[in-house]
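Chain and residue survey
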Amino acid sequence: MQKPQFSLAAQTDNHLITIAEAFEGVSAVAAVEPLGSGNINDTYKVLSSRGTTVLQRLNPRVFTRPDLVMHNIQVLGEHVEAKLANTPQPWHMPRVVPTCDRRGALHTTDSGDVWRMITFVPESHSVDVVVDAQQARELGIGLGVFHQLINDLSPSRLADTLEGFHITPSYLPAYRKALVNTTVEPCEASEYCLAFIRDREGDCDVLERAKERGELPLRPIHGDPKINNVMLDRHSGKAIALIDLDTVKPGLVHYDIGDCLRSCCNRLGEETRDHQNVEFDLELADAILAGYLSVAGSFLSAAERRYIPDAARLISFELGLRFFSDYLQGNTYFQVNDPQHNLRRAMVQFQLTASIEAQLPKLRHLLDRHAKAVSI
Ligand code: GN1
Ligand code: MG
């Protein structure tokens, strides 16, 4: 777990216990432990009279309207639970735990930090790298089930909590500004990133242009369905939940499918230091798409399916661009362990992008095959 960067002081156990007890039904806190490896919020697992719950401090630099973030999670939770009540699907929807005074979902401390509590997905685990093709298929099914559960929720009921999020070209102005203002010394890796972006910035609006032409519709999306946000049943290995619902918003499902492919098909994981050996694994992509389309294929149009390979390369490029911009501007967005961390992360994503580009014809072929198999 990386060190929170925006805390005024290290959180003492007592401080965290007091915060946890601000939420309904939480008393006799037995433990508060760091949970997961998120890059944005600070996350803890709380054991109390309420059982296990997840306590999070929302990053104020990223989420400037935490009330709207919680509104989205609430709307989504109600929608999905109503659907699950009619289909006994083994699926868990993380729900909001209200504050003790039941005035809302957020607890603000005297120092101004904003906290929320969410239910925990029992008997589950997540992985940072895929074990095998069967697991990859399951991860694809997980995203498919999530999309199928939220697909009939009108996007207009969801607030856009992060303007410009996953609109690839919208990251270019921030990048150019960071370039002008940066004080970082040029090095071989940064020269590589600069050239990589220069060669691709002209055609990073492929999905956005298709959206403008009316080829791709807005749908509710998860926004961050990376590998370790899919919870797998501890015993069966089946996908039973998607967690981290902060980025749920109206968008293109492509960014979700692309993010699932990007994060699952890199067998070295996005935190590897061995970026030269990063590859996009087509065998895993095959399994993910088989799983995803077996559940969600029926509601995607032919045009939507056609853009999936572009989505995989664009989201990897976009994340590399975001990491590199943050490196240039002094690491203010993503939590880092050292000043070069975001530069290394960018190199990993660009290497992955290059590997996807080299395999695009095969990826397109693979997608055609799956589309036929589900006879859509
Ligand atoms: C951030 O905090 P985390 O790890 O769930 C980021 C995603 C990136 C991801 C890369 C709100 O998500 O967009 O894909 O890091 N979330 C936000 O690991 O920017
Ligand atoms: Mg997230």
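Donor atoms from the polypeptide that bind the magnesium ion (ligand 2) are Asp224 (OD) and Asp244 (OD), placed at 2.0 to 2.1 Å. Linking Asp224 in the loop between strand 8 (219–221) and strand 9 (230–233) with Asp244 in the loop between strand 10 (239–242) and strand 11 (249–251), this pair joins segments that are 20 residues apart in sequence.

Of all seven residues that make up strand 2 (residues 42–48), five are buried, and the element is covered over most of its length. Where strand 2 lies against strand 3 (residues 51–57), seven bridges are found, and the strand directions are antiparallel. Pairing of Val46 across the sheet is with Thr53, part of strand 3. Hairpin geometry of strand 2 and strand 3 is characterised by an intervening segment of two residues between the two adjacent antiparallel strands.

Our focus in this paragraph is the site of ligand 1. Residues in close proximity to ligand 1 total 16 residues, the closest being Asp224, Lys226, Glu270, Arg322 and Tyr333. Within the side chain of Tyr333, a nitrogen or oxygen atom sits 2.5 Å from an oxygen atom of ligand 1. In the shell around ligand 1, the residues fall into seven nonpolar, three polar and six charged. Shared between two domains, the shell around ligand 1 takes at least three residues from each, and those domains are domain 1 (14–63 + 93–120) and domain 2 (125–375).

Conventions adopted
- Residues numbered from 1 in each chain as written.
- Chains lettered and ligands numbered in written order.
- Predicted model: local features only at pLDDT ≥ 70, side-chain atom pairs only at ≥ 80, totals over all residues.
- Heavy atoms only, no water.
- Donors = N, O, S within 2.8 Å, 3.2 Å for Na, K, Ca; no water.
- Helix = DSSP H or I, 4+ residues; strand = E, 2+ residues; numbered from the N terminus.
- Buried < 20%, exposed > 50% of the residue type's maximum accessible area, 1.4 Å probe, protein only.
- Pairing = 2+ DSSP bridges.
- Near = heavy atom within 4 Å.
- Polar contact = N/O pair within 3.5 Å; in protein donor to acceptor, adjacent residues only side chain to side chain.
- Nonpolar A, V, L, I, M, F, W, Y, C, P; charged D, E, K, R; others polar.
- Domains from an automatic or database assignment.

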